[in-house]
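Chain by chain, the residues:
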Amino acid sequence: MITSYVRSGLMSHFPKIIQDLGYDPDMIFAEAGIDLDSLTGVESLVPPVITDRLLQVAEKKTQCEHIGLLMGVSISLEGLGPIILMMQAAPTFREAIEENIKYLKVSFQGIERELHVYHDAAYISNRLKHGEFENSKAAIQMIVATLWRVCNLTTNNRWHAREICFTFDEPKDTSVYAHLFKTPVKFSANFNGIVFNAIDLEFKAIVEKVKAESHEVTGNSDKMTYNTRRTDATGAGEVDYQR
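For the structure given in this document, a descriptive report is provided here. None of these values were measured; they are calculated from a predicted model. (Residues numbered from 1 in each chain as written. Predicted model: local features only at pLDDT ≥ 70, side-chain atom pairs only at ≥ 80, totals over all residues. Heavy atoms only, no water.)

### Describing the sheet that holds strand 3 (residues 111-118)
Spatially, the 5 strands line up as an open sheet ordered 3-4-7-5-6, and their pairing is mixed. Only two strands of the sheet have a single partner each, and these edge strands are strand 3 and strand 6 (185-186). Pairing between strand 5 (residues 161-165) and strand 6: 2 bridges, direction parallel. When the bridges of strand 6 are listed, Ile164 appears paired with Val185. Across the sheet, helix 8 (residues 137-155) is in contact with strand 3, strand 4 (121-128), strand 5 and strand 7 (192-197); its angle to strand 4 comes to roughly 140°. (Pairing = 2+ DSSP bridges. Helix = DSSP H or I, 4+ residues; strand = E, 2+ residues; numbered from the N terminus. Contact = heavy atoms within 4.5 Å. Axes fitted to C-alpha atoms, helices over the stretch in contact; angles between N-to-C directions.)

### Description of the environment of Leu128
Positionally, Leu128 belongs in strand 4. Of the residues examined, Leu128 reaches a relative accessible area of 2% and is grouped as buried. Separated by 17 residues in the primary sequence, Leu128 and Ile111 place their C-alpha atoms 4.7 Å from one another. (Buried < 20%, exposed > 50% of the residue type's maximum accessible area, 1.4 Å probe, protein only.)

### Some remarks on the nonpolar core
Counting residues in hydrophobic clusters, the biggest one holds 26 residues, and the most contacted among them are Leu69, Phe166, Tyr177, Phe181 and Phe196. Top contributing element to this core by residue count: helix 8, with 6 residues. If sequence neighbours within four positions are ignored, Phe181 has contacts with Leu69, Ala145, Trp148, Ile164 and Phe166. Judged by nonpolar contacts, the second largest core, of 25 residues, contains Phe29, Leu55, Met71 and Ile143. (Core = buried A, V, L, I, M, F, W, Y, C linked by side-chain atoms within 4.5 Å.)

### Remarks on the packing of aromatic side chains
Per the counting criterion, the structure on display carries 12 aromatic pairs. For the ring pair Phe14 and Phe29, a centre distance of 5.6 Å and an interplane angle of 85° mean the geometry is edge-to-face. Taken together, the residues Phe14 in helix 1 (residues 14-20) and Phe29 in helix 2 (residues 25-32) connect sequence positions 15 residues apart. Where Phe93 meets Phe196, the ring centres are 5.7 Å apart and the plane angle is 50°; that geometry is what we call tilted. Of this pair, Phe93 sits in helix 7 (residues 93-107) while Phe196 sits in strand 7, and the two are 103 residues apart along the sequence. Each member of the pair Phe93 and Phe196 is classed as buried. (Phe/Tyr/Trp six-rings, centres within 6.5 Å; stacked < 30°, edge-to-face > 60°.)

### Here we look at unusual backbone geometry
Phi at His119 is positive, roughly 55°, even though this residue is not glycine. Structurally, the position occupied by His119 is in the loop between strand 3 and strand 4. You will see that Asn157, though not glycine, has its phi angle at about 65°, which is positive. Counting through the fold element by element, Asn157 comes out in the loop between helix 8 and strand 5. Residue class for Asn157 comes out partly exposed when judged on its relative accessible area of 49%.

### Remarks on the pairing of strand 4
In terms of burial, strand 4 is largely enclosed, as 6 of its 8 residues are buried. The pairing of strand 3 with strand 4 spans 8 bridges and is classified as antiparallel. Along strand 4, the bridge assignment pairs Glu112 with Arg127. Two strands pair when backbone bridges link them, and strand 4 and strand 7 are joined in this way by 6 bridges, in the antiparallel orientation. Each bridged residue has a counterpart across the sheet, and for Tyr123 the counterpart in strand 7 is Val195.

### Observations concerning the side chain of Asp20
Topologically, Asp20 is positioned in helix 1. Of note is the side chain of Asp20, whose polar atom sits 2.7 Å from the side chain of Lys16. (Polar contact = N/O pair within 3.5 Å; in protein donor to acceptor, adjacent residues only side chain to side chain.)

### Remarks on the environment of Ala138
Residue placement: Ala138 occurs in helix 8. When the C-alpha atoms of Ala138 and Gln56 are compared, they prove to be 7.1 Å apart, with 82 residues separating the residues in sequence.

Right under this line is the structure:
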């Protein structure tokens with residue numbers, strides 16, 4: 001019996017990500033043995049194993065080792081769902097985070113999130129709780145990057161992230177992490193999450209009404225080089241990323 005699940009809205013933009021990387025999403029779904037219709041409703045609940053299977057197949061086929069990051073930073077407000085409305089209604093950033101944690105406990109059984117405060121630093125930790133999903137690099141990337149986007153939206157980019165933390169080992173190419181987060185990134189950390197200034201918790205929570213189109217994975221500006229498609233012996237490739 002499956003007791004863990006995640007909201008399908010977290011994956012609703014998956015086909016667009018795959019297309020922007022130059023691949024056919026139908027091919028990815030077919031190889032993963034998953035029906036595309038299973039992700040059409042943003043409020044549907046899907047087992048974490050489906051999310052992980054799609055990410056693993058997509059990473060292998062596209063040779064994009066940071067596909068989870070792209071999924072997280074480009075999620076739309078619709079994909080985030082009612083939690084954004086709850087956070088918007090909170091008086092402060094602290095209470096918005098607490099609403100987020102409460103919502104996860106009630107609505108998801110695949111992700112465990114906690115807020116910690118120590119002197120002038122605060123951090124939000126995340127634990128994935130379902131089998132292989134718990135140790136999936138791509139799933140960890142997606143959850144942390146989604147948290148980063150939610151915090152940006154909730155504070156209108158006013159919070160000050162100190163460090164982005166991942167429990168997996170440092171990849172050979174870390175340029176995409178630097179480009180996306182513009183914040184120091186720690187690998188082989190003891191938790192997956194984000195460290196930020198504790199004083200930021202007192203910010204008034206404001207959710208900026210931005211369009212998902214402003215966070216498309218591809219565009220005509222901000223061109224950079226990082227591992228997406230293997231074009232040489234080192235695995236370097238090029239992709240356009242529009243912030």
